[in-house]
Amino acid sequence: METRVDEIAERIYRLSTFLPAVGPSGFTFNQFLVDAEEPLLFHCGQRALFPAVSQAVARVMDLRRLRWIAFSHIEADECGALGEWLAAAPSATVTHGAIGCAIWLNDQAPRPPRALANGEVLDLGGRRVQRLDTPHVPHCWDAGLLHEEVTGTLFCSDLFTHVGDPPALTDGDILGPAMAAEAQFGYTAVTPATGATIRRLAKLGPRTLAVMHGSSFTGEAAPVLETLARFYDDLLQKGAVSRS
Ligand SMILES: [Fe+2]
Ligand SMILES: [Fe+2]
């Protein structure tokens, strides 16, 4: 198992491990490292991935410099290796939204978490990440995303999930593959709030979408997010019709 490293925006690194046995055509598990005065890791990966992913981080910087660990929601690929990361990085603090701290981290984290309010900004020194609560988007009550303001990078978690081992970064179509994966797996908790939540993300005007499974996207991302929002609105509408 090998984790590749690609810089997808200035000093923002994608750590990607392709597992060929997952799903019909393999699946990437991606973490993101924001290199700043206080470096931040977004997603921990599963515990089984920790040796490969931590070696990849060590190719970029000394692991012990890691100051913050964040993730979107409580699932093995998002935060399974949290304990391993906190042990390897003694100065690191895990940070999450208020709900996630209340329902999980306050009880389970090896060290106390730092709760971030919706809209709160964490100044990393040279990079600034804003926490955005997105309950149930893509899934889980505690879900939230981070937007890095200096590079305009939105850390999307499972939004835009697609299969295979595509390039690290593309300015091409990620919507088609994401819609196909949604039809295949049904991983998003589609509610009347899904479209509105994604439109709120579009208003940030991100220039890079850091995607957890598949290629990251570079370019004008607001229209891409707006189209995704419409896709989920339509899906909800179709579900309502098919149930009536
Ligand atoms: Fe997930
Ligand atoms: Fe995921």
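Attention in this report is confined to the structure presented alongside it. Just so it is clear, the structure is predicted and the values come from calculations on it, not from any experiment.

## Description of the side chain of Thr17
Working step 1: Within the secondary structure, Thr17 is located in strand E2 (residues 12-19).
Working step 2: For Thr17, a relative accessible area of 0% translates into the label buried.
Working step 3: Among the polar contacts made by the side chain of Thr17, one reaches the side chain of Thr3 at a distance of 2.8 Å.
Working step 4: Not counting residues within four places of it along the chain, the set of residues in contact with Thr17 comprises Met1, Glu2, Thr3, Phe27, Thr28, Phe29, Asn30, Leu49 and Val53.

## Description of the sheet that holds strand E14 (residues 216-218)
Working step 1: Taken in spatial order, the seven strands make up an open sheet running E8-E9-E10-E11-E13-E14-E12, and their pairing is mixed. For this open sheet the edge positions go to strand E8 (121-123) and strand E12 (169-170), each flanked by a neighbour on one side alone.
Working step 2: The sheet contact formed by E12 and E14 spans two bridges and is parallel. By the bridge assignment, Thr170 is partnered in E14 with Phe217.

## As for the pairing of strand E1 (residues 3-9)
Working step 1: Pairing of E1 with E2, which is carried by six bridges, proceeds in the antiparallel orientation. When the bridges of E2 are listed, Arg4 appears paired with Ser16.

## Some thoughts on a nonpolar patch on the surface
Working step 1: Taken together, the side chains of Ile99, Ile103, Trp104 and Trp141 define a hydrophobic patch exposed on the protein surface, amounting to about 380 Å² of accessible area.
Working step 2: With respect to the helices and strands, the residue Trp104 is situated in helix H4 (residues 98-108).

## Considerations on the coordination of the iron ion (ligand 1)
Working step 1: Looking at the iron ion (ligand 1), the protein donor atoms are His73 (NE2), Glu75 (OE), His139 (NE2) and Asp158 (OD), and they sit 1.9 to 2.2 Å from it.
Working step 2: Geometry at the iron ion (ligand 1) is irregular, judged from its four donor atoms and the angles of 90 to 161° they form at the metal.
Working step 3: We note that the donor set of the iron ion (ligand 1) lies within a single chain, spaced as H-x1-E-x63-H-x18-D.
Working step 4: You can call Asp158 buried: its relative accessible area is 3%.

## Comments concerning the environment of Glu182
Working step 1: Here Glu182 lies in helix H5 (residues 175-185).
Working step 2: Distance in space between the C-alpha atoms of Glu182 and His162 is 8.3 Å, their sequence separation being 20 residues.
Working step 3: Side-chain polar atoms of Glu182 contact the backbone nitrogen of Tyr187, separated by 3.0 Å.

Parameters and conventions
- Along each chain, residues carry numbers from 1 onward, in the same order as the chain's sequence is written.
- Chains and ligands are labelled by the order in which they are written, letters from A for the one and numbers from 1 for the other.
- pLDDT decides what is reported in this predicted model: residues at 70 or higher carry local features, side-chain atom pairs at 80 or more are listed and counted, and totals for whole chains, interfaces and linings draw on all residues regardless.
- Heavy atoms from the whole structure form the basis of all side-chain values; hydrogens and water molecules are not counted.
- Per the convention used, a helix needs a DSSP run of H or I reaching at least four residues, while a strand needs a run of E reaching at least two, with both numbered from the N terminus.
- Exposed residues in this analysis have more than 50% of their type's maximum accessible area, buried residues have under 20%, and partly exposed residues fall in between, with area computed by a 1.4 Å probe over protein chains only.
- Side-chain atoms alone can form a polar contact between residues adjacent in sequence; in general such a contact is a pair of N or O atoms within 3.5 Å, and within protein one must be able to donate a hydrogen while the other accepts it.
- Contacts: residue pairs with any heavy atoms within 4.5 Å of one another.
- Any two strands are treated as partners once DSSP identifies two or more bridges connecting them.
- The residues that make up patches have over 30% relative accessible area and no salt bridge, and they are joined within 9 Å when like-charged or within 5 Å when they are Val, Leu, Ile, Met, Phe, Trp or Tyr.
- Computed with a 1.4 Å probe, the accessible areas rest on the Shrake-Rupley method; for each residue, only the protein chains presented here act as cover.
- For salt bridges, the criterion is a side-chain nitrogen of Lys or Arg within 4 Å of an Asp or Glu carboxyl oxygen.
- Counted as donors are the N, O and S atoms within 2.8 Å of the metal, or 3.2 Å for Na, K and Ca, while water is not among the atoms, so some sites may look incomplete.
- The rule is simple: four donors are tetrahedral if all their angles sit between 85 and 135 degrees, four are square planar and six octahedral if opposite donors span more than 155 degrees and the others lie between 65 and 115, and anything that fits none of that is irregular.

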